[in-house]
Amino acid sequence: MGGAIQASVLIMDIEIRWHGRGGQGLVTANEILAETAISAGKYVKAFPEFGPERMGAPIRGFTRISEKPILVHSQVYEPDIVIIMDGTLVGKVDVALGTKKDSIILANYAGSPKELQDALMTDVECHTLDANKIAIEEIGRPTVNTVMLGALIAVKELVPYDNLEDQITTKFTGKLSDKVIVKNLSALKRGYKEVQRNGNG
């Protein structure tokens, strides 16, 4: 895709909290974002929540990205970005906990951004997309990690899109076939293009 999707990356310190279920690729998505940010010269801390990660069980992950060394080692309690990889967690887990006025919530959620705001009873900026549908169409199964990474970069460009493509290719080479890697890159692009954006309200 080369320079088809390009923009300059903003300088920022960002704290991200991920919500998902075991088997959806949350840990891998967190690792890919972190590795891409490191390759772009950022300081990063990224880790999953320790605990049962059995298939289907709710899990969390945390990412910090900064222009300077990161001295905080705790979980993320006041996230700038919340990423919800499974819409069924809405109403069952307090995914909006600790969000601030200028936080962003991005969800794999079939409804509109406004419907997500209403479901979460928040006025925080929300973005949604049906990542399950995209993943099934592109990859053949509801593993939504690359779809959600594409959507994330669309709503908040934490790393260059092309760098993310390169990191996904590097990460999966030797683990997945070239054909499946191409499918994941297609899923990434669709996530980037199809996310529904919404402001505060």
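## Structural notes on the packing of aromatic side chains
Then, number 1: Considering all chains together, one arrives at 2 aromatic pairs under this definition.
Then, number 2: Their ring planes at 40° and their centres at 5.4 Å tell us that Phe-47 and Phe-62 sit as a pair that is tilted. On the criterion of sequence distance, the pair formed by Phe-47 in strand β2 (residues 43–48) and Phe-62 in strand β3 (residues 58–66) is long-range, its members being 15 residues apart.
Then, number 3: Residues Tyr-161 and Tyr-192 carry aromatic rings whose centres are separated by 5.0 Å and whose planes lie at 70° to one another, so their mutual orientation is edge-to-face. Linking Tyr-161 in helix α5 (residues 161–172) with Tyr-192 in helix α6 (residues 178–194), this pair joins segments that are 31 residues apart in sequence.
Then, number 4: Taking relative accessible area as the criterion, Tyr-161 reaches 2% and is therefore assigned buried.

## With respect to helix α4 (residues 145–155)
Then, number 1: Across the 11 residues of α4, 11 count as buried, placing the element largely inside the fold.
Then, number 2: Looking only at α4, the buried set comprises Asn-145, Thr-146, Val-147, Met-148, Leu-149, Gly-150, Ala-151, Leu-152, Ile-153, Ala-154 and Val-155.

## Details of the nonpolar core
Then, number 1: Grouped together as the largest cluster of nonpolar side chains are 42 residues, with contacts concentrated most on Trp-18, Leu-33, Leu-129 and Leu-158.
Then, number 2: Per element, the largest residue contribution to this core is 8 residues, and it comes from α4.

## Focus on the side chain of Gln-167
Then, number 1: Checked against the element boundaries, Gln-167 lands in helix α5.
Then, number 2: Since its relative accessible area comes to 14%, Gln-167 is described here as buried.
Then, number 3: Within the structure, Gln-167 has its side chain in polar contact with the side chain of Glu-35 (distance 3.1 Å).
Then, number 4: Ignoring sequence-local partners within four residues, the contact set of Gln-167 consists of Ile-32, Glu-35 and Thr-36.

## Concerning the sheet that holds strand β5 (residues 104–108)
Then, number 1: Taken together, the 6 strands give an open sheet; going across it, the order is β2-β3-β1-β4-β5-β6, and neighbouring strands pair in mixed fashion. At either end of the open sheet lies a strand with only one pairing partner, and these are β2 and β6 (125–129). Put simply, the sheet's adjacent strands are angled 15° from each other on average, direction ignored.
Then, number 2: One ladder, built from 4 bridges, connects strand β1 (residues 14–21) with strand β4 (residues 81–84); its direction is parallel. Bridged to Ile-16 within β4 is Ile-81.

## A look at the packing of α5 against α6
Then, number 1: Contact geometry for α5 and α6: axes closest at 10 Å, N-to-C directions at 150°. Regarding the angle of α5 to α6, the classification is roughly antiparallel. The element α5 and its partner α6 pack so that their crossing is right-handed. Along the contact surface, α5 presents Tyr-161, Leu-164, Glu-165, Ile-168, Thr-169 and Phe-172, while α6 presents Ile-181, Asn-184, Leu-185, Leu-188, Lys-189 and Tyr-192.

## Focus on the pattern of salt bridges
Then, number 1: Counted by the stated rule, this structure contains 13 salt bridges.
Then, number 2: Here Glu-137 ties to Arg-190 by a salt bridge, and the two come within 2.7 Å at their closest N and O atoms. Placement of the pair is Glu-137 in helix α3 (residues 131–138) and Arg-190 in helix α6, with a sequence separation of 53 residues.
Then, number 3: Taking the shortest distance from any N to any O, the salt bridge between Glu-194 and Arg-190 comes out at 2.6 Å. Here Arg-190 and Glu-194 lie together in helix α6, a separation of 4 residues that amounts to about one turn.
Then, number 4: The network of salt bridges with shared partners includes Lys-133, Glu-137, Glu-138, Arg-190 and Glu-194.

Calculation rules
- Residues numbered from 1 in each chain as written.
- Predicted model: local features only at pLDDT ≥ 70, side-chain atom pairs only at ≥ 80, totals over all residues.
- Heavy atoms only, no water.
- Phe/Tyr/Trp six-rings, centres within 6.5 Å; stacked < 30°, edge-to-face > 60°.
- Helix = DSSP H or I, 4+ residues; strand = E, 2+ residues; numbered from the N terminus.
- Buried < 20%, exposed > 50% of the residue type's maximum accessible area, 1.4 Å probe, protein only.
- Core = buried A, V, L, I, M, F, W, Y, C linked by side-chain atoms within 4.5 Å.
- Polar contact = N/O pair within 3.5 Å; in protein donor to acceptor, adjacent residues only side chain to side chain.
- Contact = heavy atoms within 4.5 Å.
- Pairing = 2+ DSSP bridges.
- Axes fitted to C-alpha atoms, helices over the stretch in contact; angles between N-to-C directions.
- Parallel < 35°, antiparallel > 145°, perpendicular 65-115°, else oblique.
- Left-handed = near helix turned anticlockwise from the far one by under 90°.
- Salt bridge = Lys/Arg side-chain N within 4 Å of Asp/Glu carboxyl O.

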